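Inside the fold
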Amino acid sequence: NPTGTEDRFGTVSQTLSVPTSSDYTVSTINPDVVSTTVITFTNPGGGDFTPTVDSASRLTQTNGASGQIVSVDLINGKLVLIDVVGDFIASNTITQGGVTATLSTITTKSGIVIGWDSGTGSLKVKMTTEELFAVGDIIDDSNSGTSPVTQRTITAVEGSGGFV
């Protein structure tokens, strides 16, 4: 259902402020996609989840889904992931090394990069999910060439209607 913030094509765009050290590519052929996934979990066992430090410490699920943990809230049973590959499935087990838990909920925010100003840190994205980015969200910067992928924290958000 329309909310009144869509452009004439039914899309929503946002302008995000991120560090100027970020590296995003604007392309109509192979555009960058930025995203963040927040999952909640129950029944943890085997220790505590920790932020990803290498490819072996990614969060995984037996269906092949995996993600880089960038934030851990053990009290509220919440993990923030970037660089997610595949689709996590609720009610199934998630694993990081010897730590396991049951995945409860999944919330993904994602957008296609349609503008980038490295001088100001202004990143314009066309949203591909109903959930919109908010200040404090952590997104990926896959062009930085690091492993694990560099994380960027959103410091300001501006909504946009009209032409994308």
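Residues numbered from 1 in each chain as written. Predicted model: local features only at pLDDT ≥ 70, side-chain atom pairs only at ≥ 80, totals over all residues. Heavy atoms only, no water.

Turning next to the overall build of the protein. Along the backbone of the protein there are zero helices and eleven strands. Against the globule reference of 15 Å for 164 residues, the protein gives a C-alpha radius of gyration of 16 Å, in line with a compact fold. When the backbone C-alpha atoms are referred to their principal axes, the protein occupies close to 50 × 35 × 30 Å. Evaluated residue by residue, the protein yields a buried proportion of 37% over its 164 residues. Partitioning the contacts of the protein with sequence separation of at least 6, the portion at a separation of at least 24 is 63%. Carbon together with sulfur atoms contributes 50% to the accessible area of the protein, which is approximately 8,400 Å² in total. If you average the places of the 7 positive and of the 16 negative side-chain charges in the protein, the two averages end up 5 Å apart. (Helix = DSSP H or I, 4+ residues; strand = E, 2+ residues; numbered from the N terminus. Rg over C-alpha atoms; globule rule 2.2 N^0.38 Å. Buried < 20%, exposed > 50% of the residue type's maximum accessible area, 1.4 Å probe, protein only. Contact = heavy atoms within 4.5 Å. Areas by Shrake-Rupley, 256 points an atom, 1.4 Å probe, with all protein chains shown as cover. Lys, Arg positive; Asp, Glu negative; His and termini not counted. Charge placed at Lys NZ, Arg CZ, Asp CG, Glu CD.)

Further remarks concern the pattern of salt bridges. Counted by the stated rule, this structure contains three salt bridges. Residue Asp137 is joined to Lys109 by a salt bridge in which the shortest nitrogen-to-oxygen separation is 2.8 Å. Highlighted residues: Asp137 in the loop between strand S8 (122-127) and strand S9 (138-141) and Lys109 in strand S7 (residues 99-117), separated in sequence by 28 residues. For Asp141, the salt bridge goes to Arg152, with nearest N and O atoms at 2.9 Å. Here Asp141, found in strand S9, pairs with Arg152, found in strand S10 (residues 150-153); they are eleven residues apart in sequence, far enough to count as distant. (Salt bridge = Lys/Arg side-chain N within 4 Å of Asp/Glu carboxyl O.)

Here Ser22 shows up in the loop between strand S1 (13-17) and strand S2 (33-45). A polar contact of 2.7 Å, which involves the side chain of Ser22, links it to the backbone oxygen of Pro19. Once residues within four sequence positions are removed from consideration, Ser22 is found in contact with Trp116, Asp141 and Arg152. (Polar contact = N/O pair within 3.5 Å; in protein donor to acceptor, adjacent residues only side chain to side chain.)

The next point concerns the packing of aromatic side chains. For the structure shown, the criterion picks out two aromatic pairs. Measuring from ring centre to ring centre gives 5.3 Å for Tyr24 and Trp116, while their planes differ by 75°; the resulting arrangement is edge-to-face. Taken together, the residues Tyr24 in the loop between S1 and S2 and Trp116 in strand S7 connect sequence positions 92 residues apart. Between the aromatic rings of Phe41 and Phe49, the centroid separation amounts to 5.1 Å while the plane-to-plane angle is 70°, which identifies the pairing as edge-to-face. By the burial criterion, Phe41 is buried, and Phe49 matches it. (Phe/Tyr/Trp six-rings, centres within 6.5 Å; stacked < 30°, edge-to-face > 60°.)

Right, let's get into the pairing of S1. For S1, a buried count of four out of five residues is recorded, marking the element as mostly surrounded by other parts of the structure. With five bridges connecting them, S1 and S8 associate as antiparallel partners. Following the sheet pairing, Ser13 is matched in S8 by Lys126. (Pairing = 2+ DSSP bridges.)

Note on placement: Val84 falls in strand S5 (residues 78-85). Using a relative accessible area of 29% as the deciding quantity, one classes Val84 as partly exposed. Val84 sits 25 residues away from Leu59 along the chain, and the two C-alpha atoms are 9.2 Å apart. Ignoring any residue separated from it by four or fewer positions in sequence, one finds Val84 in contact with Thr37, Ser66 and Gly67.

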